[in-house]
Number of protein chains: 2
Amino acid sequence: MEKFEIHILGCGAALPTPKRLSSSQIVNIREKLFMLDCAEGTQMALRRSHLSFSHLQAIFLTHLHGDHVFGLIGMLSTFGLLGRIQDLHIYGPQDLTRIFQPQIDYFCADSPYKIILHEIDTKTSQILYEDRSVTITSLPLSHRVPCCGYLFQEKPTPRHIRRDMIDFHHIPVSQINNIKAGMDWITDDGTIIPNDRLTTPPDPVRSYAYCTDTTYRPALAKLLQNITCLYHEATFAQEHALLAKKTHHSTAAQAAQIALDAHAGKLILGHFSSRYKSEDILLQEAQQIFSHTLLAEDGMKIEL
Amino acid sequence: MEKFEIHILGCGAALPTPKRLSSSQIVNIREKLFMLDCAEGTQMALRRSHLSFSHLQAIFLTHLHGDHVFGLIGMLSTFGLLGRIQDLHIYGPQDLTRIFQPQIDYFCADSPYKIILHEIDTKTSQILYEDRSVTITSLPLSHRVPCCGYLFQEKPTPRHIRRDMIDFHHIPVSQINNIKAGMDWITDDGTIIPNDRLTTPPDPVRSYAYCTDTTYRPALAKLLQNITCLYHEATFAQEHALLAKKTHHSTAAQAAQIALDAHAGKLILGHFSSRYKSEDILLQEAQQIFSHTLLAEDGMKIEL
């Protein structure tokens, strides 16, 4: 299967520590890299990950709280010093330009590449990026400030050719794409060879959603049906459910409920409050509702 | 002797790496902490140092290049989340307010403490801070943008009482401060006991200067005469002397020449270009001119 990996660069909540950065991730789809949020220290974590800086296509910011954006200007500046020339597109909620354009103008004035800011409407779901292998769509979330998640969906790929059958029936190269697309083959004597004898099924279409920060939002599950892997914030344990509501965050159990309702393949919990000595309580509370749950940790790589 | 320590949080040049942050230090004088520059990652390094966040009195920025300031907004935000209520004064060159006030207004709007920005004229040397134990003075430097260093000078302390002699001569408590200040004692029968029989000399007055970023500036040595410890940038080795001049930085040899001309007690080299696999070449070139030279490294503590 083609590469579709998630690299967790940071998964803490507001307070970064030497052990855990605040929010930042890389989605690697066929060596095209997409960044989700950019907390302070992201550029150092990116170096540690050994991912190529120059393969970064775009950055998607969920919202303009410091623990999701304070690493942006430093990283942009570093890209300039390293001689990046490729345009870099940055997506984020309203105020993105007002807050970051002056910083970019001041600190990246000599940068040899262009930074293009895109403010998005966080109240609706919309396609932001599309190439021949992936679609990236925003997902409305509910937080104290305008905020959205992001959904990565692979495009369906063609069926796989069975080389032995192609040879056996002497099917010409010019017909291969039609066969991959599902067409049957008719031999010279008029026999129909059904496509499923010439091909094997395509790779399953995979998807990933990054949902942080948000209060519990049941409607989200409808947008995430059959998602391969869901990252959902789980700032608090059940004992702090009221605090979660008040601060517009989710509990681990609420994250699990979304995964369950979405028939997700896997749930990754993140954005842990630093109040918990161990996040095991969050894992346990989520697994009671949705068993295929794991805890994010800095430096973790998930292959979809 | 009272505490006078330097903590190197970061000593790299423009490109931060997981191994080495860009510029940031703490000067600890009798548990009052003063920060010098604030590169990205400074708040995490400060946690690692186990210094108390709440003892931070003021921040002094040399200039507004990213590798000296990108950690500021994140750290200020964290102080707010941790409930700091004490005012925090930040000193830096022109544009400090224009660049940072909008960020502070946006990201630290709910912070329970006051941040006061002070723009300073980097062309003259002026006293910026004074308490009963220390004076902090700016030092004009020459870089591509307005830039200054900072000089920390202990104030002279009183002589030390010799307890045995005070008891022997029955000198009353009311006179102790006069004796510490250097006064002789006259006994009831008119005998003069000279002060140096009642006291031992005061602790030597110590000083520290932080000089980065700057081109070689011979006049600087005059402001640093008999300095206890000098931190001077040494971005480049001799082979890149022309590049140093062009980018308004110094070579290790030039840093050593300043230390020699200032009759410094000790020289610490820092702000190393990431182009050198090992900084030993910088150390060697400096030691040929000034032997009491050492290389800064992240996490290093120097006791004066």
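Residues numbered from 1 in each chain as written. Chains lettered and ligands numbered in written order. Predicted model: local features only at pLDDT ≥ 70, side-chain atom pairs only at ≥ 80, totals over all residues. Heavy atoms only, no water.

Quick look at the sheet that holds strand S8 (residues 134–140) of chain B now. Residues and elements named next belong to chain B. Taken in spatial order, the 7 strands line up as S7-S8-S9-S14-S15-S16-S17 in an open sheet, and their pairing is mixed. Whereas interior strands pair on both sides, the edge strands pair on one side only; in this sheet they are strand S7 (127–130) and strand S17 (293–295). Averaged over neighbouring strand pairs, the angle between their axes works out to 20° when direction is ignored. Sheet topology places S8 next to strand S9 (residues 148–154); 7 bridges connect them, and they run antiparallel. Opposite Ile136, over in S9, you have Phe152 as the bridge partner. (Pairing = 2+ DSSP bridges. Helix = DSSP H or I, 4+ residues; strand = E, 2+ residues; numbered from the N terminus. Axes fitted to C-alpha atoms, helices over the stretch in contact; angles between N-to-C directions.)

Residues at a pLDDT of 70 or more form 100% of chain A, whose mean pLDDT is 96. Here the complex is predicted with pTM 0.92, and the ipTM for its interfaces comes to 0.90. (pLDDT = per-residue confidence, 0-100.)

With that settled, consider the interface of chain A and chain B. Each partner contributes residues to the interface: chain A has 33 residues there, and chain B has 33 residues. Counting each side, the surface lost to burial between chain A and chain B is near 2600 Å², with a carbon and sulfur contribution of 71%. If you sort the residues of chain A by the area they bury against chain B, Glu40, Phe70 and Tyr106 of chain A come out on top, with a joint share of 26%. In this assembly, chain A and chain B are joined by 0 salt bridges. At the level of elements, helix H1 (42–49), helix H2 (66–69), helix H3 (72–81) and helix H4 (96–107) of chain A are the ones that each hand at least two residues to the side of chain A that touches chain B. In terms of residue class, the side of chain A that touches chain B is built from 17 nonpolar, 11 polar and 5 charged. (Contact = heavy atoms within 4.5 Å. Buried area = accessible area lost by both parts, 1.4 Å probe. Salt bridge = Lys/Arg side-chain N within 4 Å of Asp/Glu carboxyl O. Nonpolar A, V, L, I, M, F, W, Y, C, P; charged D, E, K, R; others polar.)

For the rest of this paragraph, the subject is the packing of helix H3 (residues 72–81) of chain B against helix H4 (residues 96–107) of chain B. Between two packed helices, what matters for the description is the angle formed by their axes and the separation of those axes. Residue and element names in this part refer to chain B. The contact between H3 and H4 brings their axes to 10 Å, and the two run at 35°. Considering how the two elements wind past one another, H3 and H4 form a crossing that is right-handed. On H4, the residues touching Leu72, Ile73, Leu76 and Ser77 of H3 are Phe100, Gln103, Ile104 and Phe107. Along the lines of polarity and charge, the residues of the contact of H3 with H4 split into 6 nonpolar, 2 polar and no charged. (Left-handed = near helix turned anticlockwise from the far one by under 90°.)

So, on to the relation of the copies chain A and chain B. Overlaying chain A on chain B yields an RMSD of 0.0 Å, the required transformation being a rotation through 180° with an accompanying axial translation of 0.0 Å. Expressed as a symmetry operation, the mapping of one chain copy onto the other fits a two-fold axis. Taking C-alpha positions as the reference, the residue of chain A nearest the rotation axis is Gly41 of chain A, at 2.9 Å. When the interface residues of chain A are mapped onto chain B, 100% of them are again interface residues, pointing to one common binding face. (Least-squares fit on C-alpha atoms with pLDDT ≥ 70 in both.)

So, about the side chain of Asp67 of chain A. Residue and element names in this part refer to chain A. Mapped onto the fold, Asp67 is located in helix H2. For Asp67, the side chain forms a polar contact with the side chain of His68, separated by 3.5 Å. The residues contacting Asp67, other than those within four sequence positions of it, are Ala13, Ala14, Ser22, Ser23, Ala39 and His271. (Polar contact = N/O pair within 3.5 Å; in protein donor to acceptor, adjacent residues only side chain to side chain.)

Attention shifts here to the packing of aromatic side chains. Residue and element names in this part refer to chain A. Throughout the structure, instances matching the rule amount to 21 aromatic pairs over all chains. Pairing Phe34 with Tyr129 gives two aromatic rings, centres 5.0 Å apart and planes at 70°, and the pair type is edge-to-face. Placement of the pair is Phe34 in strand S3 (residues 32–38) and Tyr129 in strand S7 (residues 127–130), with a sequence separation of 95 residues. The buried category is assigned to Tyr129, whose relative accessible area is 15%. (Phe/Tyr/Trp six-rings, centres within 6.5 Å; stacked < 30°, edge-to-face > 60°. Buried < 20%, exposed > 50% of the residue type's maximum accessible area, 1.4 Å probe, protein only.)

A separate point is unusual backbone geometry. Residue Asp213 of chain A is reached from Thr212 of chain A by a cis peptide bond, and omega for that bond is -10°. By the element assignment, Asp213 of chain A lies in the loop between strand S14 (207–211) and helix H8 (220–223).

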